[in-house]
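# Summary of the model geometry
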Amino acid sequence: MISDILGSKKSCFETGVQSVLRGQENRLRLAVLHQGILTTNQRSEENGVCAIVYKNGVKGFSSMAEFSEEAAEKVIKAATENANYLRKYASSEKVALPPINSQLINSKRFIIDFEQKRIIDLLKQVDDYVVAHCPKITSRTVNYREDTMEKYIYTSDACDGHVAYPRCRIAVCLKMPAKDGSTVELFELVGGFGNIEDHFKSLDKVYEKVDHIYKALCDKAEGVYAEAGYKTVILDPRVAGMIAHEAIGHTVEADLVMGGSVAGPNLGKKVASDKISIVDYAYTYQDGQTPLPVYIDDEGVPAEDAVLVDKGVLTGFMHNRETALKYGVKPQGNARGYAFSDEPLIRMRNTTVLPGQDKLEDMIASVEDGYYLIDTGNGQADLTGEFMFGITAGYEIKKGKLGRAILDTTVSGIAFDMLNTVDMVSDEVSWSPFGTCGKKQPMAVSMGGPAIKCKINIGGR
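Procedures and definitions
- Residue indices follow the written sequence of each chain, beginning from 1 at its first position.
- Under the rules for a predicted model, residues below a pLDDT of 70 receive no local features and side-chain atom pairs below 80 are neither given nor counted, while totals for whole chains, interfaces and linings still include all residues.
- Side-chain descriptors were evaluated using all non-hydrogen atoms of the structure, hydrogens and water having been removed beforehand.
- Where helices and strands are cited, they refer to DSSP runs of H or I of at least four residues and of E of at least two residues respectively, numbered from the N terminus.
- Think of it in three bands: residues with accessible area under 20% of the maximum for their type are buried, residues over 50% are exposed, and the middle band is partly exposed, with areas taken using a 1.4 Å probe on protein chains only.
- The contact criterion used is simple: two residues touch if any of their non-hydrogen atoms lie within 4.5 Å.
- UniProt positions are given in the numbering used here, feature names are shortened, and annotations may be inferred rather than shown by experiment.
- For the domains described, the bounds stem from an automatic or database domain assignment.
- Defined in terms of a 1.4 Å probe, buried area is the accessible area two parts forfeit on being brought together, summed over both.
- Criterion for a salt bridge: a side-chain nitrogen of Lys or Arg within 4 Å of a carboxyl oxygen of Asp or Glu.
- DSSP bridges decide pairing: two strands pair if at least two such bridges lie between them.
- Axis geometry follows a simple rule: fit a line to the C-alpha atoms, using only the stretch in contact for helices, then measure angles between N-to-C directions, giving values from 0 to 180 degrees.
- Working definition: a ring pair exists when centres of Phe, Tyr or Trp rings (six-membered ring for Trp) sit within 6.5 Å. Plane angles under 30 degrees give stacked, over 60 give edge-to-face, the rest tilted.
- Crossing handedness follows the turn of the near helix against the far one: under a right angle anticlockwise gives a left-handed crossing, and clockwise gives a right-handed one.
- The residue classification treats Ala, Val, Leu, Ile, Met, Phe, Trp, Tyr, Cys and Pro as nonpolar and Asp, Glu, Lys and Arg as charged. All others, Gly included, are polar.

Attention now goes to the side chain of Asp375. Along the chain, the position of Asp375 falls in strand S18 (residues 369-381). Overall, the relative accessible area of 9% leaves Asp375 in the buried class. Ignoring anything within four residues of it in the chain, the contact list for Asp375 reads Phe187, Arg238, Val239, Gly390, Ile391, Thr392 and Ala393.

Attention shifts here to the UniProt feature "domain: Metalloprotease TldD/E C-terminal" (unreviewed entry) in the protein chain. The residues that UniProt annotates with the feature "domain: Metalloprotease TldD/E C-terminal" (unreviewed entry) are residues 232-458. For the annotated span residues 232-458, helix accounts for 16% and strand for 39% of the residues, and the straight-line distance between the end C-alpha atoms is 9 Å.

So, about the domain arrangement of the protein chain. By a widespread convention, an interface's size corresponds to the accessible area lost as its parts come together. As far as domains go, the protein chain holds domain 1 (7-222) and domain 2 (229-459). A separation of 21 Å is found between the C-alpha centroids of domain 1 and domain 2. Across the boundary between the two partners, domain 1 contributes 56 residues, which contact 42 residues of domain 2. Between domain 1 and domain 2, roughly 3,800 Å² of surface is buried when both sides are summed, and carbon and sulfur atoms account for 60% of that area. Of all residues in domain 1, the largest losses of buried area upon contact with domain 2 belong to Tyr165, Arg167 and Lys220, amounting jointly to 17% of the total for that side. Along the contact surface separating domain 1 from domain 2 lie 7 salt bridges.

A sheet is described by the order of its strands in space; here 6 strands give the open sequence S14-S13-S10-S17-S24-S23, paired in mixed fashion. The open sheet has two edge strands with one neighbour each: strand S14 (313-314) and strand S23 (430-437). Where strand S13 (residues 306-310) lies against S14, 2 bridges are found, and the strand directions are antiparallel. Across the sheet, the residue bridging to Asp310 is Val313, located in S14. Contacts between helix H5 (residues 237-249) and the sheet are confined to strand S10 (278-281), strand S17 (350-353), S23 and strand S24 (443-449), with S24 contributing the most and set at about 125° to the helix.

For the rest of this paragraph, the subject is the packing of aromatic side chains. Within the structure shown, the criterion is met by 8 aromatic pairs. The interplanar angle of 65° and the centroid separation of 5.7 Å between the aromatic rings of Tyr85 and Tyr89 together place this pair among those described as edge-to-face. Taking the relative accessible area as the measure of exposure, Tyr85 reaches 46% and is therefore partly exposed. Aromatic rings pair up to connect Tyr281, Tyr285 and Trp431 into one cluster.

Quick look at the pattern of salt bridges now. Taken as a whole, this structure holds 36 salt bridges when the rule is applied. Among the salt bridges present, the one from Arg29 reaches Asp113, with a minimum N-O distance of 3.2 Å. Placement of Arg29 in strand S1 (residues 18-34) and of Asp113 in the loop between strand S4 (104-106) and helix H2 (116-133) is noted, with a sequence separation of 84 residues between them. With a shortest N-O distance of 3.7 Å, Glu299 and Lys59 are connected by a salt bridge. Taken together, the residues Glu299 in the loop between strand S12 (288-289) and S13 and Lys59 in strand S3 (residues 58-64) connect sequence positions 240 residues apart. Salt bridges sharing common partners tie together Arg27, Arg29, Arg43, Glu45, Asp113 and Glu146.

The sheet contact formed by strand S19 (residues 386-398) and strand S20 (residues 401-405) spans 3 bridges and is antiparallel. What sits directly across from Tyr395, in S20, is Ala405. The antiparallel hairpin formed by S19 and S20 contains 2 residues in its connecting segment, where Lys399 sits at a positive phi of about 50°.

Let us look at the packing of H2 against helix H4 (residues 204-221). Running from amino to carboxyl end, H2 crosses H4 at an angle of 35°, the nearest separation of the two axes being 10 Å. The chirality of how H2 crosses H4 is right-handed. Where H2 abuts H4, its residues Gln125, Val126, Tyr129, Val130 and His133 lie against Val206, Tyr207, Val210, Asp211 and Tyr214. Residues belonging to the contact of H2 with H4 are distributed by class as follows: 7 nonpolar, 2 polar and 1 charged.

What follows is the structure in structure tokens.
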């Protein structure tokens, strides 16, 4: 953990100039067992300081791979000089950013370190369970990953804070031969915000997931290819959450709106079915903690929930302080940087489609001929909202009942078009706290949603 040695360096901020000093450490703990053999055993820490100075409408930034008071003084000085230098290229004078009511904001949880031996012992226990309970598999990989970050944030005209984001998970990947001789695989993740004691004091939940994916993998090995076409489908929360993040969430990040995303001209307009509402939550959801609680961003803005789509109407974008000023709205704490050397970008936090009132079994029963798409391994979307995602697990739906498992396929479409076809939404939200968004910098995010019934293009063989 890093210590609080930076607070006194606020005295180095130039008078009347909006400045932020951030000290940060990122830690990685990684271990991989493949076929029972330890193939990766890694521990690393990376820390340093950075400063952002906003002066006369331009930003100066500087960072240094050293966490010290001397380094803090140097980056504040360099960022101020950079802002002064860049000012001569600015086309016009801009107004100062509106000040934020100052307060001290601290995380509720901080990082606890554990010996690597304990991590490896955990993986060996999981691997032993897989060997004992999954007799048909031909390949197994079990890995542990802990990617955490801790930040001290000091500002001239906003909030100060000390925050941490501990997150860990165990992943299990199993493979077996399919009936046509090819190889099929599935993986499952267990864990989330917190540490080993929070998630792996007992491994019962991991074992439940192993049993679940082994059964699903056996089904998939006997599976069939989906019939290509424009189909009625039910998207499981994992798939719905991924589309909410990739195909909707990115298009409403204000920096990408300014870059020409499809959301820009649609603010205030109907873009989805009345049954669709999407919110980017900060740190609470339905009286509980979000999967990745964010209390303050890297500009010193207190985090608040951002309503993006309300009953089908596009109601807002996500902002940093500068874009919030441009659009005349209040910033809600979406500016975050991955490493000490990264300038904060506008990022999602806990993005989800809100639940509806339908039961999943009623949704399945309502489909005459379609698919229940359960999991996605990858995908991408662009600023037009056009998306394509791989589907790694799913089942046919025939006359209202689940049928055969399907082999890997893809789905594609235009996000707003697809969301306009939604006619049923389940009453339960499931979160995935394991996301790492790749918008220029990696960033921990969570995404979630209920199951939704819609129409979508599905690929075949």
